[in-house]
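Coordinate analysis (summary)
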Amino acid sequence: MGLFAQALKVVLQPSALLANAFGVVVGIIAGAIPGINASMAMAMILPFTWGMDVIHALLMLAGIYCGGQYGGAITAVLIGVPGTTSAAATVMDGYMMHKKGKSGKALGMALIASTIGGFVSAAVLIVLAIPLAKVALAFGPAEYFGLAALGLTLIASLSGENIYKGLLSGLFGLLLATVGIDPFAGVSRFSFGIPNLAEGLDMIPVMMGLYAVSEVLEEIEKRIPRQRIDERASTELPTAKEVLNLLPLIAVCSLIGCWVGVMPGAGASIACWIAYNYAKTVSKNGHLFGTGVLEGVAAPECADNGVTGGAMVPLLALGIPGSNSTAVMLGALVLHGINPGPLVFRDTPLIPYSIFVGLFVANAFMFLFGLLLVKPSIKFVNAPESVLYSGILALVFTGAYTLTNDPWPIIVTLFFGVIGYFLRKHGFQPPAIVLGLVLGTIFETSLRRSLTLSNGSWSIFMTRPIAAVLSTATILSLVFFFGKRYLPKRSRA
Amino acid sequence: MKRVIALVSVLGILIGLTLVLSGCKSEAKSYPSKSISIVYHSSAGSGGDIFLRNLGKALEKQLKQPIVIENRPGGGGATAWGYVAKAKPDGYTLLGISSTIITGPLQTPMDVNYKSFKPIAQVFYDPTVIFTSSKSEFRSFKEIIEYAKAHPKEMKWGAGSPGSAESLTLKYIMNQVGAEIQVVPFEGGGDVAVEVMAGRLAAGIGEYAEIAHLVRSGDLKILVGLGSERIPGLPDVPTLKEEGVDFVFEKVRGLMAPKDTPDYVVQKLVDAIKKVYDDAEFKKYYTESNIIPLFRGPEELSKVLDQQNEFFKSMIGK
């Protein structure tokens, strides 16, 4: 406890608070801009942290990391474009709520859920960081496969009315994930001789095309001038009762996020879907998910901030960064002569504990700044349709360009915008495509790795305990889904 | 509202004019007279990117001009390389390279390869090592190879993606010693380290920098290094040569420039690079990051790249 108090003292110094707060602001902005994510902002700030005290530097980076996870939700809710890949699930209900005029409720819920997710994961970290490091080692290819399979079952429930179209959408996403270099054979697949496809499709431009561009095209076609947003979008925040009702769900989803964060090979872009899937399965309103329900915003948002604390476990305790963001933090640690890994808790315990405490403070700042941003950001999209949609296109294409400083992602965005437009028109599901794409790579590599390790035996998915739990959950999730969908019909008939 | 738009457009025009005019300024004789960008093929935050950002900061002090790291990921490297190959050869656009500039174009057909650029210098090398869990029964490279030979195709080793430098060198080493193993590909050295620590893989190959802390903590042990000399700080780890395999691999980290960059520019950069090793902050960075300073001028770098190219070319078909 002495260490904890010491860390608290360090983190609460005015200069440390300032660094942390600055990081959070940068993170929220970076997260909200599609195409720029927390890890890019962190890498750009990194060289400026050279002269700083190591703890200040880490607090600033941790601030960006936390802020970025929430920032993605702002654009997800207000314009239907996930600002970061981890906000893809938030679009589902967040954007629908915005369309129904409940923008403030959606943004507020996203903020509250993100903050609680961050708090829960920081708390878990303080108590369990060292034992969790051992758990991180228990996640091998078979476990990743189980996680990916569990995530993919969500395709079924994202399908809407026509399950076949939903499954086809999911398969299309999986197929997109196979573009690029075969992770085992090392040969190029489905790249049609286009050098830009050699590395496969980047998630962000595909997502921006499918979500944003296709939507804008659809709106242009409708040509119905809607009211100004201030008449339809309210800045009213969720009530205390609404939040309290969702607390159990938020707590569970925060833990889901934290747990996925501990797995160095997974990450926030997967955690948000797992949490969404969980919420949809257990909620009484499960059938309303995707039409704009609060649970659908709360679940993915608390999970993606829950990841922040979890991701610190492999970083600090094993010195293995599970994502680009934690890789930058590793860079910062190394830069200051601190070697993360099992010895960090023995040699420089103040560092990990300051990060833990710093995560709490960062989440508090995130809540504060997020709250201040709710009204202005809703006002910002409160522009006439023509301005709003051209603004969205400008933002999306600029974001695409910043990804590689090259026109290729713009072409990808446009291409998937047109594809998305036609698919939407014919009742296919863009979110199922995105889900397939997000999970496709990990699904494939972990399956092939597991089978290599087991010499081709499929029993590996049932004989290893964690993998067995995940496999069972996958099967149960499907049983639940089909049960809910088909059983009542039969009883009525 | 209208007034705001007018104001913004006036501002925009002013900024545009300034940019145009500053571009027109005649090139000063002394290089560099403005900021230099170093382009890299992976995104901000990757290992190579962090290296360049630190190198850039140290070079800034020597060249007295800002150095900007520009990330142009995508296309397996082709995006960045194609961009620099076509850039104005004035020394203001440079390319940061790793061994991927050799292996990338060999794996996927591209319009560019390392020969499309003018070498400036190799600045460091990344030591590559073969490691196993400290709990492993194998105490030396010889022991593990003996086992692998006695049990063909039974052992599972981890390495990077199939066309990566690590995978290809591992394949070569196994061919040399006459052992057959199964290689499980992973995205990077960190992932391999987790699998090896957890005991799911018998051994792995990767950059020393990525696992150094796990060696220090006693979770992993290094069986052999692939460099020409023993790694500083690890006097007990033999090199592959000492273990009886006549093979050296040192991952290159350096800088190149567009083909027609004038010699005086290259010279100026070479002189500056020679001095960065003494920069106190930079020294701290590279010592802590476990990369080994190794300066090679343009001709030598070009020779090393040729050698590595020949080697990987011969391995990729196999």
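Residues numbered from 1 in each chain as written. Chains lettered and ligands numbered in written order. Predicted model: local features only at pLDDT ≥ 70, side-chain atom pairs only at ≥ 80, totals over all residues. Heavy atoms only, no water.

Naming follows an unreviewed UniProt entry, where chain B appears as Tripartite tricarboxylate transporter substrate binding protein of Candidatus Fermentithermobacillus carboniphilus. In UniProt, chain B has this text filed under Sequence similarities (unreviewed entry): "Belongs to the UPF0065 (bug) family." (UniProt positions renumbered as here; feature names shortened; annotations may be inferred.)

An unreviewed UniProt entry lists chain A under the name Tripartite tricarboxylate transporter permease, with Candidatus Fermentithermobacillus carboniphilus given as the organism.

Some thoughts on the overall build of chain B
For chain B, the count of helices and strands is 11 helices and 10 strands. Expressed as a percentage of the 318 residues in chain B, the buried residues total 58%. Considering only intrachain contacts with a sequence separation of at least 6, the fraction spanning at least 24 residues in chain B is 76%. Summing over all exposed atoms, chain B offers an accessible surface of approximately 13800 Å²; the carbon and sulfur share of this is 55%. (Helix = DSSP H or I, 4+ residues; strand = E, 2+ residues; numbered from the N terminus. Buried < 20%, exposed > 50% of the residue type's maximum accessible area, 1.4 Å probe, protein only. Contact = heavy atoms within 4.5 Å. Areas by Shrake-Rupley, 256 points an atom, 1.4 Å probe, with all protein chains shown as cover.)

Quick look at the overall build of chain A
Tallying secondary structure elements over chain A gives 22 helices and two strands in all. Taking the principal axes of its C-alpha atoms as reference, chain A extends roughly 65 × 60 × 50 Å. Looking at chain A as a whole, 62% of its 493 residues are labelled buried. Sequence-distant contacts, at least 24 apart, represent 80% of the contacts inside chain A between residues at least 6 apart. Counting every atom, chain A has about 18200 Å² of accessible surface; 71% of that belongs to carbon and sulfur.

Some thoughts on the interface of chain B and chain A
Listed per partner, the contact involves 46 residues of chain B and 50 residues of chain A. With both sides pooled, the region where chain B packs onto chain A buries about 3900 Å², and carbon together with sulfur makes up 60% of that total. When the area that chain B buries against chain A is broken down by residue, the three leading residues are Arg200, His213 and Glu288 of chain B, summing to 13%. Here chain B and chain A share one salt bridge between them. Arg449 of chain A is paired through a salt bridge with Glu187 of chain B; the nearest N and O atoms lie 3.4 Å apart. Linking chain B with chain A are nine residue pairs in polar contact (both at pLDDT 80 or more). Elements supplying a minimum of two residues to the side of chain B that touches chain A: helix 2 (47-63), strand 2 (67-71), helix 3 (78-86), strand 6 (182-185), helix 7 (189-197), helix 8 (208-216) and helix 10 (280-288) of chain B. (Buried area = accessible area lost by both parts, 1.4 Å probe. Salt bridge = Lys/Arg side-chain N within 4 Å of Asp/Glu carboxyl O. Polar contact = N/O pair within 3.5 Å; in protein donor to acceptor, adjacent residues only side chain to side chain.)

Some thoughts on the domain arrangement of chain B
Residues and elements named next belong to chain B. Each assigned domain of chain B is listed here: domain 1 (34-126 + 251-316) and domain 2 (127-225). Taking only C-alpha atoms, the centre of domain 1 and the centre of domain 2 are 28 Å apart. Contact with domain 1, which involves 14 residues of that partner, is made by 16 residues of domain 2. With both chains or domains summed, domain 1 and domain 2 bury close to 1200 Å², and 64% of this area falls on carbon and sulfur atoms. (Domains from an automatic or database assignment.)

Some remarks on helix 9 (residues 263-276) of chain B
Residues and elements named next belong to chain B. Spanning 14 residues, helix 9 covers 20 Å between terminal C-alpha atoms, matching the ideal 20 Å at 1.5 Å per step. Those residues of helix 9 lying buried are Val265, Val266, Leu269, Val270, Ala272, Ile273 and Val276. The buried residues of helix 9 occupy an angular sector of 170° when the element is viewed end-on, so they sit on one face. When the buried face of helix 9 is taken as reference, the exposed residues oriented beyond 90 degrees from it are Asp263 and Tyr264. (Expected span 1.5 Å × (residues − 1). Arc of directions from axis to C-beta.)

Description of the layout of surface pockets
The calculated volume of the second largest pocket comes to roughly 1100 Å³. Looking at the second largest pocket, it is lined by 38 residues, and the ones nearest its centre are Ser157, Leu158, Gly160, Phe289 and Gly290 of chain A. (1 Å grid on protein atoms, 1.4 Å probe; cavity = no way out; pocket = protein on both sides within 12 Å on 5 of 7 lines; lining within 4 Å. Points joined across faces, edges and corners; volume = space filled by probe spheres on them.)

Points about the nonpolar core
Judged by nonpolar contacts, the single largest core of 216 residues is most densely connected at Trp273 of chain A together with Ile120 of chain B. Two domains each donate at least three residues to this core, and these are domain 1 (34-126 + 251-316) and domain 2 (127-225) of chain B. Apart from the residues within four sequence positions on either side, Ile120 of chain B is in contact with Leu94, Leu255, Met256, Ala257, Val266, Leu269, Val270, Ile273, Arg296, Gly297, Pro298 and Leu301 of chain B. Judged by nonpolar contacts, the second largest core, of 48 residues, contains Ile97, Val112, Leu168 and Ala203 of chain B. (Core = buried A, V, L, I, M, F, W, Y, C linked by side-chain atoms within 4.5 Å.)

Digging into the environment of Pro293 of chain B
Relative to the elements of secondary structure, Pro293 of chain B occurs in strand 10 (residues 292-296). By relative accessible area, Pro293 of chain B is classed as partly exposed at 37%.

A word on the packing of aromatic side chains
Summed over all chains, the structure comprises 25 aromatic pairs over all chains. A network of ring pairs unites the aromatic residues Phe51, Phe124, Tyr277, Phe282, Tyr285 and Tyr286 of chain B as a single cluster. Above the face of the Phe186 of chain B ring, Arg449 of chain A is positioned so that its terminal group lies 4.1 Å from the ring centre. Of note, Arg72 of chain B hangs over the ring of Tyr83 of chain B, and the distance from its end group to the ring centre comes to 3.4 Å. (Phe/Tyr/Trp six-rings, centres within 6.5 Å; stacked < 30°, edge-to-face > 60°. Lys NZ or Arg CZ within 6 Å of the ring centre and 35° of its normal.)

Topic: the packing of helix 2 of chain B against helix 10 of chain B
Residue and element names in this part refer to chain B. Two elements in contact, helix 2 and helix 10, have axes whose closest approach is 9 Å; the angle formed by their N-to-C orientations is 160°. Judged on the interaxial angle alone, helix 10 and helix 2 are roughly antiparallel. Crossing of helix 2 over helix 10 shows left-handed handedness. Taken together, the residues of helix 10 that come into contact with helix 2 (itself represented by Ile50, Phe51, Asn54, Leu55, Ala58 and Lys61) are Glu281, Phe282 and Tyr285. Of the residues belonging to the contact of helix 2 with helix 10, the class tally is six nonpolar, one polar and two charged. (Axes fitted to C-alpha atoms, helices over the stretch in contact; angles between N-to-C directions. Parallel < 35°, antiparallel > 145°, perpendicular 65-115°, else oblique. Left-handed = near helix turned anticlockwise from the far one by under 90°. Nonpolar A, V, L, I, M, F, W, Y, C, P; charged D, E, K, R; others polar.)

A short note on helix 19 (residues 408-425) of chain A
Residue and element names in this part refer to chain A. Compared with the 26 Å implied by 1.5 Å per residue over 18 residues, the 26 Å span of helix 19 between its first and last C-alpha is a close match. Buried within helix 19 are the following residues: Pro409, Val412, Thr413, Phe416, Gly417, Gly420, Tyr421 and Leu423. One or two steps after helix 19, the chain reaches Gly427, where phi turns positive at roughly 80°.

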